[in-house]
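A closer look at the structure
Below, each chain spelled out in residue letters.
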Amino acid sequence: MLDVLATVLVLLMIAQIFYQNLISLLFLWPVGIPLMKRLLRRHENERQRELTIQFKEMLQGMLTALKAGYSPENAFLEARQEMSFLYGKESRISWELDRLAGGMENHIPLETLIDEFAGRSGVEEIRDFSEVFTIARSGGGDMTEIMARTNALIRSRIEVENEIDLLLSSRRMEQIIMDAVPFFIILYVGTASRGFFDVMYRNAAGIVIMTGCLIVYLFAFALSEKILDIRI
């Protein structure tokens, strides 16, 4: 609902600043679709990142249990209790481990349950772990060593992502400022010199020019998003 509200507010701002006519909202709705998708994707990325961190801690708990002599099934149950303590029973990782525990009670193979977990999560690290875990179970690999290597790889990847976010944080702030500058310029000039932009709103030629400016602005916005979207 917050994403919908944010999208509507942005469209209202565009309609007012570029056209000074709320009727233009009828023609601006295509702009709201990619904006809504961007907001949803951003929130999904945040949820996946949070789940990745929780999954890393879960693997660490499992690794400790495996070194203590637990079977993989019991190691998951031990990690489930630890995750409930660390993140609460309402966290995503606790919810997923509860589903794993329920599946094991119904005698569903653990590798099948992990594969379903990986599919629901959409997290690349969990999918990779699921594939390795299935191969190790069928081939009789050293589960403790596999857990240790997987945990080290995930930890290394998270550290690299944190370094990239730190390096790009100032650039993202610059991007936000530059995205807002055109709106502030138009708003300031229109407020300080009333009637200055009337020629752009009261005839067809002005509407075409403002529409061209909006298209250029949206292209620049999308390009800046693409440049700063660095993935490992």
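For the structure, check the block above.
What counts as what
Residues numbered from 1 in each chain as written. Predicted model: local features only at pLDDT ≥ 70, side-chain atom pairs only at ≥ 80, totals over all residues. Heavy atoms only, no water. Phe/Tyr/Trp six-rings, centres within 6.5 Å; stacked < 30°, edge-to-face > 60°. Helix = DSSP H or I, 4+ residues; strand = E, 2+ residues; numbered from the N terminus. Buried < 20%, exposed > 50% of the residue type's maximum accessible area, 1.4 Å probe, protein only. Salt bridge = Lys/Arg side-chain N within 4 Å of Asp/Glu carboxyl O.

1. Describing the packing of aromatic side chains
According to the stated counting rule, one finds six aromatic pairs in the structure shown. Judged by centre distance (5.8 Å) and plane angle (80°), the rings of Phe 18 and Phe 183 are edge-to-face. Here Phe 183 lies in helix 7 (residues 143–192) and Phe 18 lies in helix 1 (residues 2–19), a separation of 165 residues in the sequence. Relative accessible area serves as the criterion here: at 4%, Phe 18 is assigned to the buried category. Residue Phe 183 is classed as buried on the basis of its relative accessible area, which comes to 10%. With centroids separated by 6.4 Å and ring planes inclined at 85°, the aromatic side chains of Phe 76 and Phe 133 adopt a geometry described as edge-to-face. Pair noted here: Phe 76 is in helix 3 (residues 72–87) and Phe 133 is in helix 6 (residues 124–139), with a separation of 57 residues, a long-range link. With respect to class, Phe 76 is no different from Phe 133; both count as buried. Among the aromatic residues, ring-to-ring pairing joins Phe 55, Phe 76, Phe 117, Phe 129 and Phe 133 into one connected group.

2. Observations concerning the pattern of salt bridges
Applying the stated criterion across every chain, the model contains 14 salt bridges. Where Glu 161 meets Arg 49, a salt bridge forms, and the shortest distance between an N and an O atom there is 2.9 Å. Note that Glu 161 is positioned in helix 7 and Arg 49 in helix 2 (residues 25–67), a separation of 112 residues in sequence. The class of Glu 161 is partly exposed, set by a relative accessible area of 22%. Of the charged contacts, one joins Arg 92 and Glu 96 as a salt bridge, the two residues approaching to 3.3 Å between their closest N and O atoms. Residue Arg 92 and its partner Glu 96 are located together in helix 4 (residues 92–105), separated by four residues, close to a single helical turn. Taking relative accessible area as the criterion, Arg 92 reaches 31% and is therefore assigned partly exposed. With relative accessibility at 0%, the residue Glu 96 sits in the buried group.

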